[in-house]
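Listed here are the chains, written in short residue letters.
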Amino acid sequence: MTDRASLERRYRRLLAWYPRAFRQENGEEILAVLMACAPEGQREPGLAASADLIRSGLWMRLRPNVPRSARAVRAAVRLMYAGAAVTTLNLIAAIISLACTGRSGAALRLAGRNQPLPVAITVGIVGGLAEIALWL
Amino acid sequence: MGIRAMQEATFMILTALANGSQHGYGIITDVQEISNGQVRLRPGTLYTALDRLCADELIAVDREEIVDGRLRRYYRLTPTGTKRLSAEAARLQAHVTAALTRLNLSGGMAT
């Protein structure tokens, strides 16, 4: 494989950080710019360029582009973020309490009690992760 | 609500488009030239900005060309973009003038 082809393949892989719709619309164009910016003989993307692509791609996923004029839509997006923040906090709380019960679990087991709590927390974590995955 | 200051990258992109449409790579090299090599836009940053500027209708796609089998999309300023850029340029100029005036004044007093 030539240097250029190998570089292009690596850039293409980095573009996967962008949302699919954006990639379909702008992927080839960004790739053309990336290749134009790369000096002859470069085989792999630089660290800074890679970080920039990942950061931009994630930013685009997290920040749906809504024009400033569409206030209602922007408000809806903000609400969605608030919801996501609550879910994330929930998730963190669940993980912490799971870790705590895990530690004290041995003592509880010795006492011969049933533990439906960790199961509920696990379900909560899986549910939370699924929600985040769906939302992304 | 006050006017929000424009990010430097945005300002430079709009400036690059002020005297005609350009494609992505053209904007990067032009911005580098305008800023004496100080502002180097990375492709990721550039396209995040272009996407937002298109959504805000400050720029628009002018035309598309295929060069060496690769897509080249040219962007141009919209009338709103022109207005926004000139407002921002005037705002910055006022700040620069104020800074230079005060520096000259204090410089005069110090000597």
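Higher on the page you've got the structure.
Residues numbered from 1 in each chain as written. Chains lettered and ligands numbered in written order. Predicted model: local features only at pLDDT ≥ 70, side-chain atom pairs only at ≥ 80, totals over all residues. Heavy atoms only, no water.

Draft legend 1. Fine view of the overall build of chain B. A count of helices and strands for chain B gives 4 helices and 3 strands. Residue burial in chain B is summarised as follows: out of 111 residues, 37% are buried. Contacts in chain B between residues far apart in sequence, at least 24 positions, make up 45% of those at least 6 positions apart. Of the roughly 6,800 Å² of accessible surface on chain B, 54% is carried by carbon and sulfur atoms. (Helix = DSSP H or I, 4+ residues; strand = E, 2+ residues; numbered from the N terminus. Buried < 20%, exposed > 50% of the residue type's maximum accessible area, 1.4 Å probe, protein only. Contact = heavy atoms within 4.5 Å. Areas by Shrake-Rupley, 256 points an atom, 1.4 Å probe, with all protein chains shown as cover.)

Draft legend 2. Looking closely at a nonpolar patch on the surface. A cluster of nonpolar side chains, Leu89, Ile92 and Ile96 of chain A, forms an exposed patch at the surface whose accessible area comes to about 300 Å². Examined against the element boundaries, Ile92 of chain A turns out to sit in helix α4 (residues 71-110). (Patch = residues over 30% accessible without salt bridge, like charges linked within 9 Å, V, L, I, M, F, W, Y side chains within 5 Å. Salt bridge = Lys/Arg side-chain N within 4 Å of Asp/Glu carboxyl O.)

Draft legend 3. Quick look at the pattern of salt bridges. Inspection of the entire model under this criterion finds 13 salt bridges over all chains. For Glu29 of chain A, the salt bridge identified is with Arg73 of chain B, shortest N-O distance 2.9 Å. Here Glu29 of chain A is found in helix α2 (residues 20-37), whereas its partner Arg73 of chain B is found in strand β3 (residues 70-77) on a different chain. What emerges from the salt-bridge pattern is a single network uniting Glu8, Arg12 and Glu28 of chain A together with Arg70 of chain B.

Draft legend 4. A look at the nonpolar core. Among the nonpolar cores identified, the biggest contains 37 residues, and Ile13, Ile27 and Leu41 of chain B are the most heavily contacted of them. Contributions of two or more residues to this core are made by α1 (3-14), α2 and α3 (47-62) of chain A together with α1 (8-17), α2 (24-34), α3 (43-55) and β3 of chain B. With 7 residues, α1 of chain B is the largest single contributor of residues to this core. Non-local contacts of Leu41 of chain B, meaning those with residues more than four positions away in its chain, are made with Ala9, Ile13, Ile27, Ile28, Val31 and Leu46 of chain B. (Core = buried A, V, L, I, M, F, W, Y, C linked by side-chain atoms within 4.5 Å.)

Geometric values such as these leave the question of function open.
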